[in-house]
Amino acid sequence: MAMTSPNSRALERYKSAVTTATSVLGAAMLLRRVLADVLPGTALGALLLLPPASARRHAVLIEEFDGALYNRVFLAAKAYVSTLLAAAPSVPLMKASLPRGADAEHVLLALRPGTAVVDVFDGAKVTWRLSRKHDGGAGRRRTTEDAREVFKLSFDAEHKDMVLGSYLPAVMARVEAMSQEQRQTKLYSNEWGKWRTVRLRNASTFATVAMDAALRQAVVDDLDRFLTRKEYYRQTGRAWKRGYLIHGPPGTGKSSLVAAISNHLHFDVYDLDVGSVRSNTELRKLLIRMKNRSILLVEDVDCAVATAPRREATGSSDGGSPASKNHKVTLSGLLNMVDGLWSSSGHERILIFTTNHRDRLDPALLRPGRMDMHVHMGYCGFVAFRELAANYHGIQDHPLFPEIEALLREVEVAPAEVAERLLMTDDADAAVEMAAKLLRGRKAGTGEDGGYIKQKLHVGPRRPRRPPAARRALLDEGIGGSSRRGQGRGAGTGRRGGGEVRGRGRR
């Protein structure tokens, strides 16, 4: 009898196992088909010990960091959960903090790791749970620096499309709206080709700016219309920006109007000092570094472009030639900033030029399409005076108002001058009397006529500044000659020696 090899026996066992598995699988599929035709879906699930679809949960993990950067979705989730905790009665323990620079009413509530809060959206319940994970390896000691927080958003499987397609976008939009309402505007200034920032604390609003009521409403309507016309600018192929030229005598509220626009829109202000910009190239870099939803402000633009050439000197585009060093930014560079290709480097921006002398501006800056709206801030009228009196002292009527109204028709006075008188005392009657006295003196041609302008402008020539080489020579002379001071002219007397540095007096 022939002997069977071990390999042959193993092959036979393998064939037998495959045949048996195939038979069992076929029988199971047949049984499932029969049961599906006879029993409803819920009964079939119960018979096969499967949980119903509504009981199966899906989850989305939202980690604190996306690589080396903060995860924007995590930050939005953290802010949104804070609003849920403020109204959640079932979370016994939570954290509270006050962000740096925020007001006392903006306390931020947060989950502690291991706790959760439930939200309801379109009838579906979702759960936000915060946990903490460590990035260190198995053999590494865990520290607080390695810990990173993670949000786990869990929901029923049947609500997956709703959560991903509607709920999360709604959370992001809600947080964006909250940030626009609560954000603190910032003031940027350019220094050595970079923007430096401070918090903008000017509380001016359209309700407090002394200006013509119809003009005020026209500016507000124009700003609100600008915010809602994103699609219009896209369809017409124009950059989403708006230009305003604010002009008028000194002290008429031009800077206060800029602050009111910033507070109305919640836009940051980039105060561009054109005189410190070294070239057109640097100007373009500053524009690129601006955020969207911001205001670019150029104050006293007539002074900024008074001596600028229309184009840079031949053979240089970065301020390397003597002409570029004298003039720095050219007029063509400013025009490109207003409506050239570089004006499209961002969107939802406001461009504001201010000037005391509109007639001194180059006609190229005033042609149609460059400055969309011209706002004239004139001298104080009676309506503006009443607004100032109401804002500063709560006065709606006063016996001196008829006289003041008549005087304002005859004299020119800046709103800042009137405000200065109203702020001199807390006594409302005395403040109105001081304002009336100012107007009487202005009409008589005596008193402090023109004093406000003299305070604002430097009177008399400035002492010329020595070039750096001359300053270094003077410093070397002062140091090297310190041992010879007694030998030079004026030694032992009260006369100035060669090493004395004379301080500037008040101008």
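Rules used throughout
- Residues numbered from 1 in each chain as written.
- Predicted model: local features only at pLDDT ≥ 70, side-chain atom pairs only at ≥ 80, totals over all residues.
- Heavy atoms only, no water.
- Helix = DSSP H or I, 4+ residues; strand = E, 2+ residues; numbered from the N terminus.
- Areas by Shrake-Rupley, 256 points an atom, 1.4 Å probe, with all protein chains shown as cover.
- Buried < 20%, exposed > 50% of the residue type's maximum accessible area, 1.4 Å probe, protein only.
- Arc of directions from axis to C-beta.
- Contact = heavy atoms within 4.5 Å.
- Patch = residues over 30% accessible without salt bridge, like charges linked within 9 Å, V, L, I, M, F, W, Y side chains within 5 Å.
- Salt bridge = Lys/Arg side-chain N within 4 Å of Asp/Glu carboxyl O.
- Expected span 1.5 Å × (residues − 1).
- Polar contact = N/O pair within 3.5 Å; in protein donor to acceptor, adjacent residues only side chain to side chain.
- Pairing = 2+ DSSP bridges.
- Axes fitted to C-alpha atoms, helices over the stretch in contact; angles between N-to-C directions.
- Parallel < 35°, antiparallel > 145°, perpendicular 65-115°, else oblique.
- Left-handed = near helix turned anticlockwise from the far one by under 90°.

You'll find the chain entered in an unreviewed UniProt entry as AAA+ ATPase domain-containing protein, with Aegilops tauschii subsp. strangulata given as the organism.

> What exactly am I supposed to notice about the overall build of the chain here?
Each helix and strand in the chain was counted, giving 18 helices and 15 strands. Working note: accessible area of the chain is about 31600 Å², and carbon and sulfur atoms make up 53% of it.

> Please clarify how helix α8 (residues 280-288) should be interpreted in this entry.
Three- or four-residue spacings in an α-helix give side chains the same orientation, since the helix completes a turn every 3.6 residues. If you check which residues of α8 are buried, you get Asn 280, Glu 282, Leu 283, Leu 286 and Leu 287. Considered in projection along α8, the buried side chains sweep an arc of 160° and stay on one side of the axis. Tucked into the core, α8 has its buried residues touching β9 (186-191), β10 (194-199), β13 (294-298), α11 (331-339) and β14 (349-355).

> It is not clear to me how a nonpolar patch on the surface should be interpreted in this structure. Could you clarify?
A contiguous nonpolar patch, built from Leu 11, Tyr 14 and Val 18 and spanning about 310 Å² of accessible area, is present on the exposed surface. The class of Val 18 is partly exposed, set by a relative accessible area of 39%.

> Please explain the pattern of salt bridges as it appears in this structure.
If charged atoms from side chains of opposite charge come close, those side chains can pair. Summed over the entire model, instances satisfying the criterion amount to 17 salt bridges. Among the salt bridges present, the one from Asp 156 reaches Arg 57, with a minimum N-O distance of 2.8 Å. Placement of Asp 156 in strand β8 (residues 147-156) and of Arg 57 in strand β1 (residues 57-63) is noted, with a sequence separation of 99 residues between them. Residue Asp 156 is classed as buried on the basis of its relative accessible area, which comes to 17%.

> Help me out: how do you make sense of helix α3 (residues 72-87) in this one?
When the terminal C-alpha atoms of α3 are compared, their 24 Å separation across 16 residues agrees well with the 22 Å that a helix rising 1.5 Å per residue should span. Of all the residues in α3, the buried ones are Phe 74, Ala 76, Ala 77, Tyr 80, Val 81, Ser 82, Leu 84 and Leu 85. Its side-chain oxygen 3.0 Å from the backbone nitrogen of Val 73, Asn 71 forms the N-cap of α3.

> So what exactly am I meant to see when it comes to the sheet that holds β14 here?
Strands belonging to one sheet form pairs held by backbone hydrogen bonds; the direction of such a pair is parallel or antiparallel. Strand order in this open sheet of seven strands is β10-β9-β12-β13-β14-β11-β15, and the pairing throughout is mixed. In this open sheet, the two edge strands, each paired with only one partner strand, are β10 and β15 (373-376). Along the sheet, successive strands turn relative to each other by an average axial angle of 25°, direction set aside. Here β9 pairs with β10 via six bridges, running antiparallel. Paired with Asn 190 across the bridge in β10 is Trp 195. Relative to β14, α11 is tilted by about 140°, and along the sheet it contacts β11 (241-247), β13 and β14.

> What is the right way to look at the environment of Ala 389 in this model?
Residue placement: Ala 389 occurs in helix α13 (residues 382-393). Each C-alpha atom of the pair Ala 389 and Ala 431 lies 8.7 Å from the other, and the pair is 42 residues apart in sequence. Leave out the neighbours within four places in its chain, and Ala 389 touches Gly 394, Ile 395, Phe 401 and Leu 422.

> Looking at this structure, how should I read the packing of α13 against helix α14 (residues 401-410)?
Any two packed helices are characterised by the angle at which their axes cross and by the distance between the axes. Look at α13 against α14: their axes get within 9 Å of each other, and the N-to-C directions meet at 135°. Classified by the interaxial angle, the pair formed by α13 and α14 is oblique. Considering how the two elements wind past one another, α13 and α14 form a crossing that is right-handed. Mapping the contact onto sequence places Phe 382, Phe 385, Arg 386 and Ala 389 in α13 and Phe 401, Ile 404, Glu 405 and Leu 408 in α14.

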